[in-house]
Amino acid sequence: MQFMLMCCSESEHWSSLPESERDQVMRDYEQWVRDQVASGHYLAGGKLDESHTASTLREMDGRMKVTDGPFSEAKEQIGGYHLIECRDRAEAIAIARKIPTLRVGSSVEVRPLLYQNVE
């Protein structure tokens, strides 16, 4: 089974952490990714730019509307994602629990993929 791990945080909270702590979390994060690659679980992933750089598209009354910035007004925004291959949800959660940003107040949403695009 494939799972998407969506990593969310409040950018203001992250920015308020001491630089040395952010640097250590990111070093630990790089090691977490290397560990997942080595174990064969890791399929893809990436860190997203700040949410204010987003564009949001919506179709309204047959017309496309594009707005700058995130659509969501939530404090937490998706900062990155990981696509992993696991036996089941329990294994996906066990892998996600080790994401280093959790210890500094972030959250991770673990969601199974229903299907994959076939090319």
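Residues numbered from 1 in each chain as written. Predicted model: local features only at pLDDT ≥ 70, side-chain atom pairs only at ≥ 80, totals over all residues. Heavy atoms only, no water.

Here we look at the overall build of the chain
- When helices and strands are counted, the chain shows three helices and six strands.
- Looking at the chain as a whole, 27% of its 119 residues qualify as buried.
- Considering only contacts in the chain between residues 6 or more positions apart, those separated by 24 or more positions represent 73%.
- When the accessible surface of the chain is summed, it comes to about 8500 Å², and 50% of that surface belongs to carbon and sulfur atoms.
- Counting 14 positive and 20 negative side-chain charges, the chain places the averaged centre of each group 3 Å from the other. (Helix = DSSP H or I, 4+ residues; strand = E, 2+ residues; numbered from the N terminus. Buried < 20%, exposed > 50% of the residue type's maximum accessible area, 1.4 Å probe, protein only. Contact = heavy atoms within 4.5 Å. Areas by Shrake-Rupley, 256 points an atom, 1.4 Å probe, with all protein chains shown as cover. Lys, Arg positive; Asp, Glu negative; His and termini not counted. Charge placed at Lys NZ, Arg CZ, Asp CG, Glu CD.)

A few points about the pattern of salt bridges
- Tallied over the entire structure, the rule returns three salt bridges.
- The shortest N-O distance in the salt bridge between E91 and R87 comes to 3.1 Å.
- For E91, a relative accessible area of 14% gives the class buried. (Salt bridge = Lys/Arg side-chain N within 4 Å of Asp/Glu carboxyl O.)

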